[in-house]
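Analysis of the macromolecular model
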Amino acid sequence: MATDPEAVAKAFTDHFYSTFDSARANLAGLYQDQSMLTFEGQKFQGTQAIMQKLTSLPFQQCKHHISSLDAQPSLSGGVLVFVTGQLLPEGETNPLKFSQTFHLAPVGGSFVVTNDLFRLNYA
């Protein structure tokens, strides 16, 4: 199955950030027990640990603005996605710059996140 990495990356990031911004708990289906999140240097493995981290962030809603989106095909039909942008947590007035990398693996006609690396960018 030939996959267009750019199209997969765009569809995935649209879904991921829209869900993250409004109903973060609904991201659980994108992760599996083998998935790993590195969030500001802290590592979390498995759906439960990842969701615990994401749902315990000190804000309920935020707004992501994507500045750049790059994608490459990876082994076994996967897609490597690199995102830069800004996020604005609810109640804040100054957006924060961030970068995030995802490795997406094909599973059952869809994609799951096997690796997720997130870092705020302080310039």
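Definitions and cut-offs
Every residue gets a number counted from 1 within its own chain, in the order that chain's sequence is written. Where local features are concerned, this predicted model is filtered to residues with pLDDT of at least 70; where side-chain atom pairs are given and counted, the filter is 80 or more; whole-chain, interface and lining totals use all residues. As a convention, hydrogens and water are excluded, and side-chain values are obtained from all of the structure's heavy atoms. A run of H or I in DSSP becomes a helix once it reaches four residues, and a run of E becomes a strand once it reaches two; helices and strands are each numbered from the N terminus. With the radius of gyration taken over C-alpha atoms, the globule rule is written as 2.2 Å times the number of residues to the power 0.38. Buried means the residue's accessible area, taken with a 1.4 Å probe over protein chains only, is under 20% of the maximum for its type, while exposed means over 50%, and partly exposed covers the values in between. Contacts between residues were defined by any pair of non-hydrogen atoms, one from each residue, lying within 4.5 Å. Contacts described as polar in this section are N or O atom pairs within 3.5 Å, which, within protein, must combine one atom able to donate a hydrogen with one able to accept it, while residues neighboring in sequence count only if both atoms come from side chains. Aromatic rings from Phe, Tyr and Trp, taking only the six-membered ring of Trp, are treated as a pair when their centres fall within 6.5 Å; an angle between ring planes under 30 degrees marks them as stacked, one over 60 as edge-to-face, and anything in between as tilted. What makes a nonpolar core is a set of buried Ala, Val, Leu, Ile, Met, Phe, Trp, Tyr and Cys residues whose side-chain atoms join them at distances within 4.5 Å. What pLDDT expresses is the predictor's confidence in each residue, scored from 0 to 100.

1. Some remarks on the overall build of the protein
Counting its secondary structure elements, the protein contains 2 helices and 6 strands. Of the regular secondary structure in the protein, the N- to C-terminal order runs α-β-β-α-β-β-β-β. Whereas a compact globule of 123 residues would reach a radius of gyration of roughly 14 Å, the protein reaches 14 Å, a difference of no more than 12%. By principal-axis analysis of the C-alpha atoms, the protein measures approximately 45 × 30 × 25 Å. The buried share of the protein, taken over its 123 residues, is 40%.

2. Looking at the environment of Thr114
Tracing the chain through its elements places Thr114 in strand 6 (residues 110-120). In this structure the C-alpha to C-alpha distance between Thr114 and Gln45, which are 69 residues apart in sequence, comes to 9.7 Å. In this structure Thr114 touches Gln34, Ser35, Met36, His103 and Ala105, once residues within four positions along its chain are discounted. Here His103 takes part through its side chain, which lies 2.7 Å from a polar atom of the side chain of Thr114.

3. Re the packing of aromatic side chains
Tallying each qualifying case throughout the model produces 9 aromatic pairs. Here Phe16 and Phe102 contribute two aromatic rings whose centre-to-centre distance is 4.9 Å and whose plane-to-plane angle is 65°, an arrangement assigned as edge-to-face. One end of the pair, Phe16, is in helix 1 (residues 5-23); the other, Phe102, is in strand 5 (residues 96-107), with 86 residues separating them in the sequence. The class of Phe102 is buried, set by a relative accessible area of 0%. Three or more aromatic residues joined by ring pairs make a cluster, and in this case those are Phe12, Phe16, Tyr17, Phe20, Phe39, Phe98, Phe102 and Phe118.

4. Here we look at the nonpolar core
Counting residues in hydrophobic clusters, the biggest one holds 30 residues, and the most contacted among them are Phe16, Phe20, Leu27, Tyr31, Leu54, Phe102 and Leu104. Among the elements of the structure, helix 1, strand 1 (31-39), helix 2 (47-55), strand 3 (62-73), strand 4 (79-89), strand 5 and strand 6 are those that each provide at least two residues to this core. The element that contributes the greatest number of residues to this core is helix 1, accounting for 6 residues. In this view, Tyr31 contacts Phe16, Thr47, Ile50, Met51, Leu54, Val113 and Asp116; residues no more than four positions away in its chain are not counted.

5. As for the confidence of the model for the protein
Any region with low pLDDT has predicted coordinates that should not be read closely. For the protein, the average pLDDT comes to 94, and 98% of its residues sit at 70 or higher. Across the protein, the element-wise mean pLDDT spans from 96 in helix 1 up to 98 in strand 2 (residues 42-45).

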